[in-house]
Amino acid sequence: MVPIVRGEGAWLLDADGRRYLDGISSWWTNLFGHANPRIANALADQARTLEHVIFAGFTHEPAIELAEELVRITPPGLDRVFYADNGSAAIEVALKMSFHYWLNQGHGEKTRFIALSGSYHGETLGALSVSDVALYRKTYAPLLLTPFLTPSPDSYEGEPGESPQQVAARRLLELRSLLERHAHETCAVIVEPLVQCAGGMRMYHPDYLTGLRALCNEFSVHFIADEIAVGFGRSGTLFACEQAAVSPDFMCLSKGLTAGFLALSVVLTHAAIYEAFYAEYNAGKAFLHSHSYTGNPLACRVALETLAIFREEPVLERNRALAAHLARRLAPLREHPHVADVRQTGMIAAVELVADKASRRPFPTAERRGLRVYLHGLQQGVLLRPLGNVVYFMPPYVVNEQEIDLLVDTALTGIELAVAD
Ligand SMILES: Cc1ncc(COP(=O)(O)O)c(C=O)c1O
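Residues numbered from 1 in each chain as written. Predicted model: local features only at pLDDT ≥ 70, side-chain atom pairs only at ≥ 80, totals over all residues. Heavy atoms only, no water.

1. Digging into the domain arrangement of the protein chain
Segmenting the protein chain into domains produces domain 1 (4-30 + 314-419) and domain 2 (41-312). Here the C-alpha centroids of domain 1 and domain 2 sit 27 Å apart. At the junction of the two partners, domain 1 supplies 29 residues and domain 2 supplies 26 residues. Connecting domain 1 to domain 2 are 1 salt bridge. Residue Glu352 pairs with Arg202 through a salt bridge whose shortest N-O separation is 3.2 Å. For the side of domain 1 that touches domain 2, the secondary structure elements donating two or more residues are helix H1 (25-28), helix H11 (315-330), strand E13 (339-345), strand E14 (348-353) and strand E16 (390-393). Broken down by element, the side of domain 1 that touches domain 2 gets its largest block of residues, 5 residues, from E13. Among the residues forming the side of domain 1 that touches domain 2, the class breakdown is 17 nonpolar, 7 polar and 5 charged. (Domains from an automatic or database assignment. Contact = heavy atoms within 4.5 Å. Salt bridge = Lys/Arg side-chain N within 4 Å of Asp/Glu carboxyl O. Helix = DSSP H or I, 4+ residues; strand = E, 2+ residues; numbered from the N terminus. Nonpolar A, V, L, I, M, F, W, Y, C, P; charged D, E, K, R; others polar.)

2. Looking at the side chain of Gln196
The residue Gln196 is located in strand E8 (residues 195-196) in this model. Under the relative-accessibility criterion, Gln196 is labelled buried at 2%. A polar contact is formed between the side chain of Gln196 and the backbone oxygen of Ser117, at a distance of 3.1 Å. In this structure Gln196 touches Leu116, Ser117, Gly118, Ser119, Ser152, Asp154, Met201, Arg202 and Tyr204, once residues within four positions along its chain are discounted. (Buried < 20%, exposed > 50% of the residue type's maximum accessible area, 1.4 Å probe, protein only. Polar contact = N/O pair within 3.5 Å; in protein donor to acceptor, adjacent residues only side chain to side chain.)

3. Some points on the sheet that holds E16
The strand order across the open sheet built from 3 strands is E13-E14-E16, with neighbouring strands paired in antiparallel fashion. Pairing within the sheet leaves two strands with one partner each, and these edge strands are E13 and E16. Strand-to-strand twist in this sheet, taken as the mean axis angle between neighbours without regard to direction, amounts to 15 degrees. Bridge count between E13 and E14: 6 bridges; the pairing is antiparallel. The partner of Val339 across the bridge, within E14, is Leu353. Each of E13, E14 and E16 touches H11; the most contacted strand, E13, lies at about 170 degrees to it. (Pairing = 2+ DSSP bridges. Axes fitted to C-alpha atoms, helices over the stretch in contact; angles between N-to-C directions.)

Structural data, given as structure tokens:
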């Protein structure tokens with residue numbers, strides 16, 4: 001364990017005064033730097049005013065303002081906001097709300113969900129149920145719901161010569177076939193828009209989301225967009241769904257929502273879904289899902305300050321320049337004999353290490369090649385945390401070009417150590 005005592009910008013400082021450049025934004029949460037003074041001040045102000053209050057029958061200004069602001073900036077039609085307190089909890093809410101909507105509409109036969117192969121949506125039982133990363137799921141499989149899995153539109157898994165767009169089109173046909181057989185018993189399709197993060201930063205073409213929206217309409221199933229990791233500018237746009245110009249039925253947000261300061265999540269949905277729960281009390285249609293810290297005022301205030309930074313500073317524009325620099329620096333790796341793919345979506349870049357480039361044969365997982373990159377990074381004062389054989393970069397948005405150079409140079413030397421016998 002590395003005992004961290006301070007954070008400053010993109011850097012973490014340990015108890016011995018060693019510095020680590022946070023190349024993964026502390027699990028993809030941090031946007032504007034550790035201990036960002038502007039956000040810290042907003043948090044301190046709120047702590048002196050109202051730290052928490054029950055969020056049932058009571059409300060407060062930060063939660064109201066934040067809901068209004070989220071409705072304003074998310075894709076059209078998402079105009080109702082439900083608060084929870086972490087990413088997995090938001091997924092639970094979306095799954096339950098989708099099921100419950102259909103139940104309230106007289107469709108209690110809809111009890112199943114469709115998820116993409118290689119997906120990750122969290123580790124509580126419902127979220128883990130719709131995840132397909134064996135490392136996290138396998139042990140608990142006997143406890144979980146069994147979703148229908150449809151093949152991911154992941155471009156890396158395409159046939160030789162197939163474009164990302166063609167992969168997306170082919171995978172949509174497979175999804176259509178699944179829906180033809182099972183839509184009548186399916187509540188929703190859940191996806192991580194554009195990038196399947198924990199599954200190895202696998203990326204796909206926005207056409208898949210456009211096609212998914214059309215299929216969900218055609219077959220009367222909900223579209224749940226889990227933007228917990230890709231939301232708030234990570235994908236290059238404020239929300240990944242924007243790149244396909246789609247509005248999902250449920251959008252789950254967390255992580256960057258508070259710029260990495262506090263645990264908070266929301267599920268946005270549209271009025272038609274809200275209306276299905278809004279009835280006279282004894283009708284028993286209400287959606288019951290509460291957490292002690294639902295809508296915590298400190299977290300809402302921090303989220304408001306985060307969104308103020310997006311409004312007042314050219315964040316996405318700055319990120320475009322940083323992303324272009326990262327792409328330039330990573331490009332030479334395409335020629336590396338043990339690199340099968342270098343891919344990037346906005347401020348997420350990944351390098352796929354393989355045992356054999358021609359056949360794309362992976363290194364056996366048990367060899368833990370990525371761990372060598374991690375350990376090398378720590379020695380060099382850089383936090384990189386590969387997912388298996390995938391070395392990725394997801395720095396805070398306050399990183400500068402020199403810091404990106406340090407990340408990439410450290411990864412390059414780490415990769416040489418990782419692929420050596
Ligand atoms: C896409 C996605 N969904 C859900 C989660 C779960 O969020 P949390 O870790 O806050 O429970 C994560 C976490 O990494 C994620 O990447």
